[in-house]
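Here's the letter readout for the chains.
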Amino acid sequence: MRKLMMAGCMALLLSSQPLKAQETFREMQYSPQSTVFTLNAPSRPTLRLYRAGRGGKQYKKMKMKQVGDNRWSIEVKGDLKGVFYTFDIGRGETPGVFAKAVSCNGGRAAVVDMRDTNPAGWENDRRLTTKSMADLVLYELHHRDFSIDPSSGLVNKGKFLALTEKKAIAHLKALGVNAVHILPSYDFASIDEAKYDTPQYNWGYDPLNYNVPEGSYSFDAELPTRRILEFKQMVQALHQAGIRVVLDVVYNHTFSLEGSNFDRTFPKAYYRYRPDGTPSDGSGCGNETASEKPLMREFMIESMKYWAQEYHIDGFRVDLMGCHDIETMNEIRAMVDKIDPSIYIYGEGWSAGSCAYPQEKLAMKAHAKQLDGIGAFSDEMRDALRGPFSDDHKGGFLIGETDQEESIKFGIVGAIAHPQIDMTKVNYSREAWTNEPSQMVAYVSCHDDMCLTDRLRATMPYITDDELIRLDLLAQTAVLTSQGVPFILAGEEMLRDKKGVHNSFRSPDSINRLDWNNLKRYPQVFDYYAGLIALRKAHPAFRMGKAEEVRKNLEFVDAPKGVVAFRLKNNAGGDAWQNIYVVLNSQKTPQNVKVAEGSYTKVVANGKVNAEGLGLISGSTLTVAPQSALIVHD
């Protein structure tokens, strides 16, 4: 939920509504002999052709011909490769809604042969498949944050190509994450791509051209094919390393309404309006798209299909998914399943404000059971661990509060119905909201909030570095032993901070950048994260993937207040270990938990992870050190 400073938009007076479009989004079909331009619009468009991406006069303009209801087309003979174009229905020029390539700053679309944008060997690049979404470990990354600081040692600072470099790949592989969630990487509006030598920052939740990579992350925004090539090189390098690419998509609003490509192409067809005619604002960004309307629904489906096919994207994170209707999201899932059922789709199961559409029809977290194969973030687990989103200074389980255990248990099982969870004590939900645990994304922080270290410092002003590290590791133990899909913010593995800034969407690099020197300052943090991820990947008990398996094989153990303990039994998920006990102790004193009499091998204890063993415990009592996790097996 961002509060981007975007212009409010006037109500539009045009009322023409589109019919269901056919082949809506083939706005430009190139061949060396001719190029065909097509547009859905309520009135006859003018096509304008330019030699340059910015400035200069059109060298040709043509009225398009009607070929159906609200549908216009024109074929231009000759080889137009490298030519720029716009459409104009009398509301201002636009590259259209589905430009594949654009000029610097995205004002004009470009005629390209997409084969020219493929790196060597691209035809052999494949999405990475998985048997269960619960096998994923997501790593949320902003291109500039990750590589811009001199301490990164990366050459292609702030660019797509940073993620092709050996050091970047080696870091991700050593950490063990297998899916990189890249913050918005389509062409967004808040960065002036022409000022390539001026530091500029934005998260990118301000869409301009949805189906073209962002030019500021490329080395030449003036050359339309360059950003596409470099994006594909990034995908290719990550795939070769066994790492999936998840694209953050923001279909719930545009940078502005008036003057947007949607507005200039087909007014009123893409946005929601209140009964009084004013734009609805469920996004909190000045406007709200209408996924239930035919053209917007089709746009979302075709756009995600395009990214999956042209760019080999492995997953999508849907921004403010609660603004979109359930039917559209299910149609997207059905479309994706035809391409590759292992493409993971998950999103924010909420909106930022009230939407001008019936809430019971929206893809809210509470309706996730109607969204088979689509995941949502668990704010229950997040806020139980670190404190509520609404109050940066109020803490949770990590600072020793003793009324958060049930909400954490709910996160541990993946938000499924479980007989041992008292839903009356869960913070935000009164009933289970997933069908399967892989529909729940487990996390403690992400880009649009305080990172974990800042939140701990805000809630515990006198915290020492040692205590900070203990609680950081404890939080991630809950996340990485959850039956949901674990998600970590880039840089948490090096004890990242943002100097206390909560909403850093346009803060400078000094706030958002990763300080890679922290890997030397706090090597135990990286080692713990990497060890825990490796433990999860090696042991299917932590990622059973099916609700019935979780209910059958995960049982909670009686524990003191401020402690959560559970057993994974019966060689859960086909695990080699018969019984695994996980104990999370938020208290400042050692705590004891009764278990079945036996001899147990410690694999996580006192801030260390070793799957081969950290020593033996015999008896029926596990003693857990203060503010730490203990994992043992027999």
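Owing to the predicted nature of the structure, the values given are computational and were not obtained by experimental measurement.

**Overview of the pairing of strand β6 (residues 71-77)**
Of all seven residues that make up β6, five are buried, and the element is covered over most of its length. With seven bridges connecting them, strand β2 (residues 34-40) and β6 associate as antiparallel partners. When the bridges of β6 are listed, Val36 appears paired with Glu75. One ladder, built from three bridges, connects strand β5 (residues 65-68) with β6; its direction is antiparallel. Pairing of Gly68 across the sheet is with Arg71, part of β6. Here β5 folds back onto β6 in antiparallel fashion, the turn holding two residues, of which Asn70 has a positive phi close to 55°.

**A closer look at helix α9 (residues 452-459)**
For α9, the tally of buried residues reaches seven of eight residues, placing the bulk of the element in the interior. When we look at burial in α9, the residues that qualify are Leu452, Thr453, Asp454, Arg455, Leu456, Ala458 and Thr459. Residues of α9 that are buried sit in contact with α7 (379-386) and α10 (465-480).

**A short note on the sheet that holds strand β18 (residues 485-489)**
In spatial order, the strands read β9-β10-β13-β14-β15-β16-β17-β18; together these eight strands close into a barrel with parallel pairing. Across the sheet, the mean angle separating the axes of adjacent strands is 30° when strand polarity is ignored. Two strands pair when backbone bridges link them, and strand β16 (residues 374-377) and strand β17 (residues 440-442) are joined in this way by two bridges, in the parallel orientation. When the sheet's bridge partners are listed, Phe377 is paired in β17 with Val441.

**With respect to the confidence of the model for the protein chain**
For the protein chain, mean pLDDT is 95; residues scoring 70 or higher make up 96% of the total. Ignoring residues within four places in sequence, the model shows residues 1-24, a span with pLDDT below 50, making 79 contacts including any to other chains.

**Quick look at the environment of Ser407**
Mapped onto the secondary structure, Ser407 falls in helix α8 (residues 405-412). The spatial distance from the C-alpha of Ser407 to the C-alpha of Met423 is 8.3 Å, given a sequence separation of 16 residues. Those residues in contact with Ser407, other than ones at most four positions away along the chain, are Glu380, Met381, Ala384, Lys425, Val426 and Asn427.

**Quick word on helix α3 (residues 224-240)**
An α-helix turns once every 3.6 residues. As a result, residues three or four positions apart point the same way. With 17 residues, α3 extends 26 Å from end C-alpha to end C-alpha; this agrees with the ideal 24 Å at 1.5 Å per step. Across the 17 residues of α3, 12 count as buried, placing the element largely inside the fold. Buried within α3 we find Pro224, Arg227, Ile228, Glu230, Phe231, Lys232, Met234, Val235, Gln236, Ala237, Leu238 and His239. In the stretch just after α3, Gly242 is the one whose phi turns positive, near 80°.

**Section: the packing of α7 against α8**
The angle between the axes and the distance between the axes are what describe a pair of packed helices. At a minimum axis distance of 8 Å, the contact between α7 and α8 shows a crossing angle of 140°. Of the possible angle classes, the one that applies to α7 and α8 is oblique. In this structure, the crossing between α7 and α8 has a hand that is left-handed. Every residue of α8 that contacts α7 at Glu380, Met381, Ala384 and Leu385 is listed here: Ser407, Ile408, Phe410, Gly411 and Ile412. Tallied by class, the residues present in the contact of α7 with α8 amount to six nonpolar, two polar and one charged.

**Notes on empty space enclosed by the protein**
The final tally for this structure, using the stated rule, is two cavities of 30 Å³ or more. In this structure, the largest cavity occupies an estimated 60 Å³ of space. Together, 13 residues line the largest cavity, and His142, Asp145, His447, Leu489 and Arg496 are the ones closest to its centre. Residue composition of the lining of the largest cavity, grouped by class: six nonpolar, three polar and four charged. Approximately 40 Å³ is the volume attributed to the second largest cavity. In this structure, the second largest cavity is lined by Leu128, Leu136, Arg244, Val246, Asp314, Ser342 and Tyr344. Residues of the lining of the second largest cavity, tallied by class, amount to four nonpolar, one polar and two charged.

**Brief notes about the packing of aromatic side chains**
Going through the model one piece at a time under the given rule, you end up with 29 aromatic pairs. A centroid spacing of 4.9 Å and a plane angle of 65° characterise the contact between Phe37 and Tyr85, whose relative ring orientation is edge-to-face. Of this pair, Phe37 sits in strand β2 while Tyr85 is found in strand β7 (residues 84-88), placing the two residues 48 residues apart along the sequence. A relative accessible area of 1% places Tyr85 in the buried class. Between Tyr210 and Phe299, the aromatic rings sit 5.4 Å apart at their centres with planes inclined by 70°, giving edge-to-face as the arrangement. You can see Tyr210 sitting in strand β12 (residues 207-213) and its partner Phe299 sitting in helix α5 (residues 294-310), a full 89 residues away along the chain. Relative accessible area serves as the criterion here: at 0%, Phe299 is assigned to the buried category.

Definitions and limits used
Residues numbered from 1 in each chain as written. Predicted model: local features only at pLDDT ≥ 70, side-chain atom pairs only at ≥ 80, totals over all residues. Heavy atoms only, no water. Buried < 20%, exposed > 50% of the residue type's maximum accessible area, 1.4 Å probe, protein only. Helix = DSSP H or I, 4+ residues; strand = E, 2+ residues; numbered from the N terminus. Pairing = 2+ DSSP bridges. Contact = heavy atoms within 4.5 Å. Axes fitted to C-alpha atoms, helices over the stretch in contact; angles between N-to-C directions. pLDDT = per-residue confidence, 0-100. Expected span 1.5 Å × (residues − 1). Parallel < 35°, antiparallel > 145°, perpendicular 65-115°, else oblique. Left-handed = near helix turned anticlockwise from the far one by under 90°. Nonpolar A, V, L, I, M, F, W, Y, C, P; charged D, E, K, R; others polar. 1 Å grid on protein atoms, 1.4 Å probe; cavity = no way out; pocket = protein on both sides within 12 Å on 5 of 7 lines; lining within 4 Å. Points joined across faces, edges and corners; volume = space filled by probe spheres on them. Phe/Tyr/Trp six-rings, centres within 6.5 Å; stacked < 30°, edge-to-face > 60°.

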